[in-house]
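Reading the structure
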Amino acid sequence: MVACSSGPQTNNSSVDQRVEDLLAKMTLEEKLGQLNQVSAMDNLEDMAAQIRMGRVGSILNGVGAARINVLQRVAVEETRLGIPILMSRDVIHGYKTIAPIPLGQAASFDLDAVQEAARIAAIEAATDGVRWTFSPMIDIARDARWGRIAEGYGEDTYLTSQMGVATIRGYQGDDLSDPTSIAACAKHFCGYGASEGGRDYNSANIPPRQLLDVYLPPFKAAAKAGAATYMTSFNEIDGVPSTANAYLLKTQLRDEWHSDAMVVTDWASSAEMLAHGNCFDRADVAAQSINAGVDMEMVAETFIQNLPDLIKDGRVKMSTVDNAVRNVLRLKFRLGLFDNPYVDENKNVAYSPEFIEKTLKLTTESAILLKNDNKTLPFSSKVKTIALVGPMADAAYEQSGTWTFDGEAEHTITPLKALQSLEGVKVLYEPALTHCRDQKAAGIASAVAKAKQADVVVCVVGEEAIMSGEAHSLADINLYGKQKDLIEALSKTGKPLVTVIMAGRPLTIAKQIEESNALLYMFHPGTTGGTALADLLFGKAVPSGKTPVTFPYMVGQVPIYYNHKNTGRPAAGTELLIDQTPVGAGQTSLGCSSYWLDAGYGPLFPFGYGLSYTTFEYSNVKLSATELKVNDTLKVTFDLANTGEYDATEICQLYVRDLVGSVTRPVKELKGFKRVALKAGEKKQVEFELPISELAFTTLDMQNRVEPGDFKLWVAANSDDNSNEASFTVK
Ligand code: GLC
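What this report covers is the structure whose coordinates are included nearby.

Rules used in this analysis
- What you see as residue numbers is a count from 1 along each chain, following the sequence as written.
- In view of the model being predicted, local features appear only for residues whose pLDDT reaches at least 70, and side-chain atom pairs are presented and counted only at 80 or more, with totals across whole chains, interfaces and linings using the full set of residues.
- Heavy atoms throughout the structure, all of them, feed into the side-chain values; hydrogens and water do not.
- Here a helix means four or more residues in a row that DSSP labels H or I, a strand means two or more in a row labelled E, and each is numbered from the N terminus.
- Note on method: radius of gyration uses C-alpha positions; expected globular size equals 2.2 Å times residues raised to 0.38.
- Relative accessibility under 20% of the residue-type maximum defines a buried residue, over 50% an exposed one, and the middle range a partly exposed one, all with a 1.4 Å probe and only protein chains included.
- Here, residues are in contact when the closest pair of their heavy atoms is within 4.5 Å.
- We get accessible surface area from the Shrake-Rupley algorithm with a probe of 1.4 Å; when it comes to residues, only the shown protein chains can shield them.
- By the counting scheme adopted, Arg and Lys are positive, Glu and Asp are negative, and His together with the chain ends is not counted.
- Note that the charge is assigned to NZ on lysines, CZ on arginines, CG on aspartates and CD on glutamates.
- Pairing of aromatic side chains requires ring centres within 6.5 Å, counting the rings of Phe and Tyr and the six-membered ring of Trp. Pairs whose planes differ by under 30 degrees are stacked, by over 60 edge-to-face, and all others tilted.
- Helix span, as expected, comes to 1.5 Å for every residue beyond the first.
- Pairing between strands is defined by DSSP: at least two bridges between them are needed.
- What makes a salt bridge here is a side-chain nitrogen of Lys or Arg within 4 Å of a carboxyl oxygen of Asp or Glu, nothing more.

Here we come to the overall build of the protein. When you go through the protein residue by residue, the secondary structure sums to 21 helices and 26 strands. Compactness check: the protein gives a C-alpha radius of gyration of 27 Å against a globular reference of 27 Å for 731 residues, within 12% of the reference. In terms of its C-alpha atoms, the protein occupies a principal-axis envelope of roughly 75 × 60 × 55 Å. Buried positions account for 60% of the 731 residues belonging to the protein. By sequence separation, contacts in the protein at least 24 residues apart represent 76% of the contacts at least 6 residues apart. For the protein, the accessible surface area stands at approximately 27,400 Å², while carbon and sulfur atoms represent 50% of it. Of note, the protein has its 69 positive side-chain charges centred 2 Å away from the centre of its 89 negative side-chain charges.

What follows is about the packing of aromatic side chains. The tally for this structure, following the rule as stated, stands at 25 aromatic pairs. Between Phe 189 and Trp 257, the aromatic rings sit 5.8 Å apart at their centres with planes inclined by 40°, giving tilted as the arrangement. Of this pair, Phe 189 sits in strand β5 (residues 185-189) while Trp 257 sits in the loop between α10 (246-256) and β9 (262-264), and the two are 68 residues apart along the sequence. A relative accessible area of 11% places Trp 257 in the buried class.

Between its terminal C-alpha atoms helix α15 (residues 353-366) stretches 20 Å, which fits the 20 Å expected from 14 residues at 1.5 Å a residue. Considering only its buried residues, α15 is in contact with α5 (102-107), α6 (111-127), β11 (368-372), β16 (518-523), α21 (529-537) and β21 (669-678).

What follows concerns the sheet that holds strand β2 (residues 58-60). With parallel pairing, the five strands of this open sheet are ordered in space as β4-β3-β2-β1-β10. Two strands close off the open sheet at either side, each with one partner strand: β4 (132-133) and β10 (297-298). When strand β3 (residues 86-89) meets β4, the two strands line up parallel, connected through two bridges. In the strand pairing of β4, Arg 89 is matched with Thr 133.

Moving on, we get to the environment of Thr 528. In this structure, Thr 528 sits in the loop between β16 and α21. Take Thr 528: its relative accessible area is 0%, and that puts it in the buried class. Thr 528 sits 109 residues away from Thr 637 along the chain, and the two C-alpha atoms are 36 Å apart. Those residues in contact with Thr 528, other than ones at most four positions away along the chain, are Ile 356, Thr 359, Leu 360, Thr 363 and Ile 413.

One pass over the structure, following the stated rule, counts 42 salt bridges. The partner of Glu 116 in a salt bridge is Lys 358, and the shortest N-O contact between them spans 3.0 Å. Residue Glu 116 is found in helix α6, and its partner Lys 358 is found in helix α15; the two are separated by 242 residues along the sequence. Residue classification places Glu 116 among the partly exposed residues on the basis of a relative accessible area of 29%. Residue Glu 669 is joined to Arg 665 by a salt bridge in which the shortest nitrogen-to-oxygen separation is 3.3 Å. For Glu 669, a relative accessible area of 22% puts it in the partly exposed group. If you follow the salt bridges from partner to partner, you end up with Asp 110, Lys 361, Glu 365 and Arg 675 in one network.

What follows is the structure, given as structure tokens:
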């Protein structure tokens, strides 16, 4: 065994120098081994044999410090150059301590808390030997039918960009070589959320300006934040699968954004181009992928099997392979794997009290209060008996949502566990349904019976974890099974009914909103979900979450989102609906505007919407100037008052509209948000800073710039709130 000559002896030489020294020593087989990521095998010896043969650059889904050290020792001590393996895992919203799914985290609009959650995930994962996560998922999603809406930060480009950067910072820390830092992965690059019909893996037909102004910016922000890796998406864009899309992987990632990140394919997304039909055979797959800019191939093995001949045939240059290997080796050096390849097997940080406490804060902030009639919430001290019903009231595994690989259900605090731990509260528990998809209604009667014995009813329903996430798209997004019947039956008891929905997407819940006195939405809240709920129900915490995605009134409205275009015939909102339309109505008697006869025009809840136990008042909007140049920064100030009885936090939002452009412009775009804590009765001046350069968009001549003209802006409680408007002009 030759010790890796670029090993510890020259720690202080630049990473790039160490990469070049090592690359110069590598055979073709050793180079191709670095581009090959394999899925962990159950049999350690089989895995070790692959490593000894130099076929493994990275392993995904191998976890456990001891197990990883065994494999790492084989790589470092039993191969010619001793290149360490990069261990990877989908740590999507926590490793052991599970935070809310990313869609829930986005509802907090709390970048610090989201960064903190990623830091916790990194520490827990790295302590277990994982140094690369396939997160953040920063796909813009405007379609609630798409199961993977759960994994991203919703429909807005600005919010998603900010959340992605916070998550990357949390994972990577200040120094990637710190043993608790893990490499982030900006995925899925790109346009996956535009899968037609919300059907996962489907084609995405994204026009160039929309790609540049809606879908790419979060990935550009990730590059600026130093995302260590990118993952190509399964989908095609207008006929080009992302794994062979040089416009994405070279023109944008390298030429425009100057990123030196390592690019990995998604799971077999390279070989799946045979099914897509843009590759003739596996050799063509390997050639198209690596020539488009892919560095590492996840599990498909077309690189390691075909590149030797492709190089011989001149279809792939050796320099292309060397560049890919450079990107892999650079990442491993930056992670400190050459200097510290092994994991401390005696450390256990999982579920520490600090991690639980910080996660609880984010989980509480992620809950969205969508209705609270007659101050049903928070419960007063008069509430002594609670009927806790529903299939999600004690569903530890389901409550953590999709992509929960390593968090253990026994550590999860469910609503039942949390409420039963409260002093002086009697809990009458009845799941009524065995699971969210249960079609048997027999249990509803006993839930109603318990409701009649209680002071209040808390009904926890929603989606099982399997009902969202990858490959789990839905054509209808109502509450499934007999959950609707359960809520209807409970509402007829006349008892105060608080409905709690734990789901991986917005559901069409108009009827349940009507039937409930109060409704809290918790996108799969994770480990501390029950405690967060109990704190919110009894006012120990006050809801602050806001919708990171539009809630459709009906699934037929999808895709529906706030930053839409105005069209030439915008709805007035006063149009007659189908049941108001007279029989024999004349062809044009209803007017001709853009709305649905059976669903009207607007959503059930707009983007950025959420209630509190208190009320807030926005006033006195002032601009630092009303005429500005492109390089100026506009200061917007306004007064925010807490006009209610509870200390609380408001998520203030700044929206802008470019009234006229060389191409049509969205009716609104989020350009800022702030969490502002106010005591009951307190009033504070709040300020937003808006660099005018952030109003740039892709113009008619495909340039990215700000066009002079008139703009409107709003400081608002949500994207439908137009009550505090101001105007300015860009010269
Ligand atoms: C999956 C997902 C991707 C994930 C990868 C590894 O198919 O699309 O998000 O990171 O494979 O599990």
